[in-house]
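Observations on the model geometry
The lines below spell out each chain.
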Amino acid sequence: MKKRIALASLLLVILNFNAANAQVIKGDSIFESLSAEPGNPVRGRAIVVSRQTGLCLLCHNGPFPEERFQGNLAPELKASVARLNAPQLRARIVNAAHFNPQTIMPAYYQTSHLNRVAPKFVGQTILNGQEIEDVIAFLTTLNDSN
């Protein structure tokens, strides 16, 4: 039983270490993908417009004519991503506060140094690595349509 616990603990440490490596911000970017699979822009769009998953439209607005009540607290998404490439977008989605400590944008892929996290969500990210890669894949399509 002790061997199982030790093995499980070791596995968790290894997994957490790998996740931490994928989040290293170098300059203004995270160059390493957060998933093994490439991002899917269709899934990414669904996450962005979802009021249960991404919650992006709570603050941002964008080219989503079917969505009512889009936010106006943050810049329009197309304008926000116009000057950013995929690694730069990844860094901002992972932890926007790294670039602006006063931001109200949540850190979508961080589990430490957070404020007012409900106990049942401690240790969890808002989006998983694949979901972030999907969102990035979608957001880069907004750049392509310029």
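All values reported here derive from a predicted model rather than from experimental measurement. (Residues numbered from 1 in each chain as written. Predicted model: local features only at pLDDT ≥ 70, side-chain atom pairs only at ≥ 80, totals over all residues. Heavy atoms only, no water.)

A word on the overall build of the protein. For the protein, the helix and strand inventory stands at five helices and zero strands. Listing every helix and strand of the protein by position from the N terminus yields α-α-α-α-α. Classification of the 146 residues of the protein by burial places 34% in the buried group. A sequence separation of at least 24 residues applies to 53% of the contacts in the protein between residues at least 6 apart. By element, 59% of the accessible surface of the protein is carried by carbon and sulfur atoms, the whole surface being about 9500 Å². (Helix = DSSP H or I, 4+ residues; strand = E, 2+ residues; numbered from the N terminus. Buried < 20%, exposed > 50% of the residue type's maximum accessible area, 1.4 Å probe, protein only. Contact = heavy atoms within 4.5 Å. Areas by Shrake-Rupley, 256 points an atom, 1.4 Å probe, with all protein chains shown as cover.)

Turning our attention to the nonpolar core. In terms of nonpolar packing, the biggest core is built from 24 residues, with Val48, Phe64, Ile93, Ile132, Val135 and Leu139 touching the most fellow members. When residues of this core are traced back to their parent elements, those giving at least two are α2 (41-49), α3 (77-81), α4 (86-94) and α5 (129-144). The biggest single contributor to this core is α5, with six residues. (Core = buried A, V, L, I, M, F, W, Y, C linked by side-chain atoms within 4.5 Å.)

Where α2 meets α5, the axes come as close as 7 Å, and the angle between the chain directions of the two elements is 95°. It follows that α2 is roughly perpendicular to α5 by the angle criterion. The segment α2 lies against α5, with Pro41, Arg43, Gly44, Arg45, Ile47 and Val48 engaging Gln130, Glu131, Asp134, Val135, Ala137, Phe138 and Thr141. Class assignment for the residues of the contact of α2 with α5 results in six nonpolar, three polar and four charged. (Axes fitted to C-alpha atoms, helices over the stretch in contact; angles between N-to-C directions. Parallel < 35°, antiparallel > 145°, perpendicular 65-115°, else oblique. Nonpolar A, V, L, I, M, F, W, Y, C, P; charged D, E, K, R; others polar.)

Along the chain, the position of Gln124 falls in the loop between α4 and α5. The class of Gln124 is partly exposed, set by a relative accessible area of 45%. Sequence separation of Gln124 and Thr111 is 13 residues, and the distance between their C-alpha atoms is 5.9 Å. Within the structure, Gln124 has its side chain in polar contact with the backbone oxygen of Lys120 (distance 2.8 Å). (Polar contact = N/O pair within 3.5 Å; in protein donor to acceptor, adjacent residues only side chain to side chain.)

It is worth spelling out the packing of aromatic side chains at this point. In the structure shown here, the tally under the stated rule is one aromatic pair. Aromatic pair Phe64 and Phe138: ring centres 6.0 Å apart, planes at 35°, arrangement tilted. With Phe64 in the loop between α2 and α3 and Phe138 in helix α5, this residue pair connects regions lying 74 residues apart in the sequence. Using a relative accessible area of 6% as the deciding quantity, one classes Phe138 as buried. Above the face of the Phe99 ring, Arg92 is positioned so that its terminal group lies 4.0 Å from the ring centre. (Phe/Tyr/Trp six-rings, centres within 6.5 Å; stacked < 30°, edge-to-face > 60°. Lys NZ or Arg CZ within 6 Å of the ring centre and 35° of its normal.)

Along α4, eight of the nine residues are buried, which leaves the element largely enclosed by surrounding structure. As for α4, its buried residues are in contact with α3 and α5.

Quick look at the environment of Asp144 now. Topologically, Asp144 is positioned in helix α5. For the pair formed by Asp144 and Ala82, sequence separation is 62 residues and the distance between their alpha carbons is 9.0 Å.

Per-residue confidence for the protein gives a mean pLDDT of 87, with 84% of residues at or over 70. Here helix α1 (residues 2-21) is the element of the protein with the lowest mean pLDDT, 48, and α2 is the one with the highest, 98. Under a pLDDT of 50 for its full length, residues 10-22 has, in the predicted model, five contacts with residues more than four places off or in other chains. (pLDDT = per-residue confidence, 0-100.)

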